[in-house]
Amino acid sequence: MSRLAVDGLSLRFGGLEALAGISLDIAEHALYAVIGPNGAGKTSFFNCLTGYYRPSAGTVSLDGRDITRMAVPDVAALGIRRTFQNVRVFPRLSAHENVLAGAHLRSSASLLGTLLGTPAMRRAERALADEAQRWLEYVGLADKSRVLAADLPYGMRKRLEVARALMGQPSVLLLDEPAAGVSSVEREELVAVIRRTWESGVTVVMIEHDVELVMQLATRVAVLQRGRLLVEGSPEDVRSDQRVVDAYLGRRRG
Amino acid sequence: MARNRSALIALAALAAAAILPETGQGNYVMSIAVQIEILMCLVLGLNFVVGYAGMLDLGFAAFFAIGAYMTGLLSVDLHWPILATIPPAVGAALLGAVFVGLPTLRLRSDYLAVVTLGFGEIIQEVVTNLNQTGGPEGISGIPPLRIGGLVVTTNDGYYNVFLVLVLVFVAVSFRVRHSRLGRAWLAIREDEDTAQAMGIKVRRFKLYAYMAGSVFGSITGSLYGSAFIAIAPPSFGFNESLLVVMAVSIGGIGSIWGGLLGAGIVVAFPEVFRQFAQARLLVFGVVLVLIMVLRPQGVWPETGLGLDRAARVVAQFRGRRGEAVAARHRAAGVERTP
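Please read all numbers here as calculations on a predicted model, not as lab measurements.

Any chance you could explain the overall build of chain B here in plain terms?
Counting its regular elements, chain B contains 13 helices and 2 strands. Buried positions account for 48% of the 338 residues belonging to chain B. Considering only contacts within chain B whose residues lie at least 6 apart along the sequence, 76% involve residues at least 24 apart.

Structure below.
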């Protein structure tokens, strides 16, 4: 059964066609990779899935429910979480507070409970704080919980963003270039985190430039080129597809 | 560790504040102290809007005015006790917050500042021109605050009343800061678009910030009216709004302790500089500019006083200089510095 079904998705900015009629199904518990050259429309695709962009045509549905025109927070409420290509952590909050912010939809704090600091309230807050710490450990940032996000190096900020997304208990996690710009050691850790998350039952969709990483992780791969779906299939199929080789390496002349 | 130190400093300040009336200060000092407390209350209110939710608000005095005038009207014309006038004052302020908030919260930064500025001006113009609010003369003869059998009539008395109010506001600010509501505000301040991805309904929470601010502002206004017996439009103009914004930014945007310190600086410095006579506001201005240049993050920012960080920077600088010296020695062929 497909979790995310995309049908005829198109997105136009004036005369520019960022996405042109993309249709694909992302199965329950897939580790789905979207690859393609720069400007292929990968991030635009993510923005359409999460409500940041209103597609010009086509539909996106989650478990059969149309989410095409939903606002960003409503899409989040259905269990879709994402990270951003240009890491968007909250700079002047500590790592721990960043992760806690991801729990917004999970806590049901009443105003009165907050003001009075009722025992139930405190217990709930305590539990969330502990869980946030566990997610920091999960991505290998246990000792950074009190450091301001702005003071963390790039690779750590990327992992912090993943922890924040996971705090929201997503059923679908969208990762926009999780391994871009991180060191090879950190890359290994990231791969481990992604794999573990996927194994725990989360459907993972990732945009990635690193083809090797995609082949190593993904169960299913879609290749975009100039806003169109070029190929979709298993990593083996995609790797050997002549059109993909052409798109990435260029066609042999003559 | 930094948190413990902040708490210690705060406790010491509280102890000093609590015994101030007992130290036999004159009326002059006590009335300045009351003014500081009032500004502290307003600062804590504006802190929800500017500090937590990150929206510039240049018309905050409007809520202060709504509180003061509601209390003035109800207590003088209808002889309500002061405490009973607070709920309707808060209600009116909440209405005002929704009125200005709903249509404008889709605006960002500069535009929002202009609209809030306009709202502040409108409220001041309205109370200046309505006969019911006493026009330019305002309202006088506001009765003293009664709490049970206790009637507060002296400066010292109001000093204590506002001290309690400051403490309550501080406690509420801290509670809210570390709750779902506060975290949503901070996320919006840090990055509105990303906050949405956590499921935060940005416009709704921005409205909440206005409402929270208006509650603090109007309660302060209610008690202000009672403390000063008479109220008049000039106390609620753009200057007052600006003073609150100034205190927030000097102290450190979003910082509770910083805001309190900022209120103290903004009220006390012009008094301290009285020896410069006519030039005192000039000196005050220069001091403000110096503070913002030397400490743009505020005197006491949210992230703490920064003593640990300063020590780290110094250590790093020393370390780097040490390395540089070592490098020079190496270059000169010296194996090891003595």
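What follows picks up the thread again.
Is there a simple way to think about the overall build of chain A in this case?
A count of helices and strands for chain A gives 10 helices and 10 strands. A globule of 254 residues ought to have a C-alpha radius of gyration of about 18 Å, and chain A, at 19 Å, matches this closely. The principal-axis extents of the C-alpha atoms in chain A amount to approximately 75 × 40 × 35 Å. Counted over contacts in chain A with a minimum sequence separation of 6, partners at least 24 positions apart contribute 67%. Counting only carbon and sulfur atoms, one obtains 50% of the accessible surface of chain A, whose full area is about 11,300 Å². Across chain A, the mean location of the 32 positive side-chain charges is 4 Å away from that of the 29 negative side-chain charges.

I'm lost on the interface of chain A and chain B in this one. Help?
Size of an interface: often given as the accessible area lost when the parts come together. Across the contact, 33 residues belong to chain A and 28 residues belong to chain B. In total, chain A and chain B occlude about 2,700 Å² of area from one another, counting both sides; carbon and sulfur atoms represent 54% of this. For chain A, the biggest contributors to the area lost against chain B are Phe-90, Arg-92 and His-104 of chain A; these three give 23% of the whole. Residue Asp-74 of chain A pairs with Lys-201 of chain B through a salt bridge whose shortest N-O separation is 2.8 Å. Run the count over chain A and chain B and you get 12 residue pairs in polar contact (both at pLDDT 80 or more). Of all the secondary structure elements, the ones that give two or more residues to the side of chain A that touches chain B are α2 (72–77), β6 (80–82), α3 (95–101), α4 (111–116) and α5 (119–138) of chain A. Residue composition of the side of chain A that touches chain B, by class: 17 nonpolar, 5 polar and 11 charged.

Even after reading the chapter, I still don't get the pattern of salt bridges, so can you show me in this structure?
Proximity of charged atoms lets side chains of opposite charge pair with each other. Counted according to the given criterion, the structure contains 21 salt bridges over all chains. The shortest N-O distance in the salt bridge between Glu-97 of chain A and Arg-177 of chain B comes to 2.6 Å. Remark: Arg-177 of chain B occurs in helix α6 (residues 155–177) and Glu-97 of chain A occurs in helix α3; the pair is interchain, linking two chains. For the salt bridge of Arg-106 of chain A with Glu-131 of chain A, the shortest nitrogen-to-oxygen distance reads 2.7 Å. Linking Arg-106 of chain A in the loop between α3 and α4 with Glu-131 of chain A in helix α5, this pair joins segments that are 25 residues apart in sequence. The buried category is assigned to Glu-131 of chain A, whose relative accessible area is 13%. Through salt bridges with shared partners, a single ionic network connects Arg-92 and Glu-97 of chain A together with Arg-177, Arg-189, Glu-190 and Glu-302 of chain B.

Just to check I follow, could you spell out the pairing of strand β4 (residues 57–62) of chain A for this structure?
Residue and element names in this part refer to chain A. In this sheet, strand β5 (residues 65–66) lies alongside β4 in antiparallel orientation, the contact comprising 2 bridges. Note on β5: the bridge partner recorded for Ser-61 is Asp-66. The hairpin turn running from β4 into β5, its antiparallel successor, is 2 residues long, and Asp-63 in that turn takes a positive phi close to 50 degrees.

Before we go on, may I ask you to explain the sheet that holds strand β7 (residues 172–176) of chain A in this structure?
Pairing between the strands of a sheet comes from backbone hydrogen bonds, and it takes one of two forms, parallel or antiparallel. All names here are of chain A. Spatially, 6 strands are ordered β6-β7-β8-β3-β9-β10 in an open sheet, and the strand pairing comes out mixed. The open sheet is flanked by β6 and β10 (228–233), the only strands paired with a single partner. Looking at each pair of strands side by side, their axes are set apart by 15 degrees on average, direction ignored. Pairing of strand β3 (residues 31–35) with strand β9 (residues 220–225) involves 4 bridges; the strand directions are parallel. Considered in β9, the bridge of Tyr-32 is made with Arg-220. Helix α7 (residues 184–199) rests against β3, β7 and β8 (203–207) of the sheet, and its axis sits at about 150 degrees to β8.

Explanation requested: unusual backbone geometry in the structure shown.
Comment: phi is negative for the bulk of residues other than glycine, and the bulk of peptide bonds are trans. With phi around 50 degrees, Asp-63 of chain A is a residue other than glycine that occupies positive phi space. Tracing the backbone through its elements, the reader meets Asp-63 of chain A in the loop between β4 and β5.

What exactly am I supposed to notice about the packing of helix α4 (residues 82–104) of chain B against helix α5 (residues 109–129) of chain B here?
The packing of two helices is summarised by the inter-axis angle and the distance between the axes. Residues and elements named next belong to chain B. One way to put it is that α4 packs onto α5 with a least axis distance of 11 Å and a crossing angle of 150 degrees. Here α4 is positioned roughly antiparallel relative to α5, judged by the angle of their axes. Relative to α5, α4 is oriented so that their crossing is right-handed. Facing Gly-96, Phe-99, Val-100 and Thr-104 of α4, the residues of α5 in contact are Leu-112, Val-115 and Phe-119.

Explanation requested: the nonpolar core in the structure shown.
The nonpolar side chains of a soluble globular protein tend to be buried with one another. Among the nonpolar cores identified, the biggest contains 100 residues, and Phe-162 and Trp-185 of chain B are the most heavily contacted of them. With 17 residues, helix α2 (residues 27–52) of chain B is the largest single contributor of residues to this core. Ignoring any residue separated from it by four or fewer positions in sequence, one finds Phe-162 of chain B in contact with Val-34, Glu-37, Ile-38, Cys-41, Thr-220, Leu-223, Tyr-224 and Ala-227 of chain B. Grouped together as the second largest cluster of nonpolar side chains are 46 residues, Val-89, Val-139, Trp-198 and Val-202 of chain A included.

I keep staring at helix α3 (residues 61–76) of chain B and nothing clicks. Help me out?
A turn of α-helix holds 3.6 residues, and therefore any two residues three or four places apart point the same way. In this model α3 of chain B runs 22 Å from its N-terminal to its C-terminal C-alpha over 16 residues, within 8% of the 22 Å that 1.5 Å per residue would give. Counting buried positions over the 16 residues of α3 of chain B gives 13, a clear majority of the element.

Sorry if this is basic, but what is going on with the confidence of the model for chain A here?
Low pLDDT marks regions whose predicted coordinates should not be analysed in detail. Looking at chain A as a whole, its pLDDT mean stands at 90, while 97% of the residues score no less than 70. Mean pLDDT per element in chain A: helix α10 (residues 242–249) of chain A is the minimum at 79, and α3 of chain A is the maximum at 96.

Explain the packing of aromatic side chains to me, please; I cannot follow it from the model alone.
The geometry of an aromatic ring pair is captured by two quantities: the separation of the ring centres and the angle between the planes. Under the counting rule described, the total for this entry stands at 20 aromatic pairs over all chains. A network of ring pairs unites the aromatic residues Phe-48, Tyr-52, Phe-169, Trp-185 and Phe-216 of chain B as a single cluster. We note Arg-88 of chain A situated over the ring of Phe-84 of chain A; from NZ or CZ to the ring centre the distance is 5.1 Å. The ring of Tyr-138 of chain A has Arg-196 of chain A lying over it, and the distance from NZ or CZ to the ring centre is 4.5 Å.

Procedures and definitions
Residues numbered from 1 in each chain as written. Chains lettered and ligands numbered in written order. Predicted model: local features only at pLDDT ≥ 70, side-chain atom pairs only at ≥ 80, totals over all residues. Heavy atoms only, no water. Helix = DSSP H or I, 4+ residues; strand = E, 2+ residues; numbered from the N terminus. Buried < 20%, exposed > 50% of the residue type's maximum accessible area, 1.4 Å probe, protein only. Contact = heavy atoms within 4.5 Å. Rg over C-alpha atoms; globule rule 2.2 N^0.38 Å. Areas by Shrake-Rupley, 256 points an atom, 1.4 Å probe, with all protein chains shown as cover. Lys, Arg positive; Asp, Glu negative; His and termini not counted. Charge placed at Lys NZ, Arg CZ, Asp CG, Glu CD. Buried area = accessible area lost by both parts, 1.4 Å probe. Salt bridge = Lys/Arg side-chain N within 4 Å of Asp/Glu carboxyl O. Polar contact = N/O pair within 3.5 Å; in protein donor to acceptor, adjacent residues only side chain to side chain. Nonpolar A, V, L, I, M, F, W, Y, C, P; charged D, E, K, R; others polar. Pairing = 2+ DSSP bridges. Axes fitted to C-alpha atoms, helices over the stretch in contact; angles between N-to-C directions. Parallel < 35°, antiparallel > 145°, perpendicular 65-115°, else oblique. Left-handed = near helix turned anticlockwise from the far one by under 90°. Core = buried A, V, L, I, M, F, W, Y, C linked by side-chain atoms within 4.5 Å. Expected span 1.5 Å × (residues − 1). pLDDT = per-residue confidence, 0-100. Phe/Tyr/Trp six-rings, centres within 6.5 Å; stacked < 30°, edge-to-face > 60°. Lys NZ or Arg CZ within 6 Å of the ring centre and 35° of its normal.

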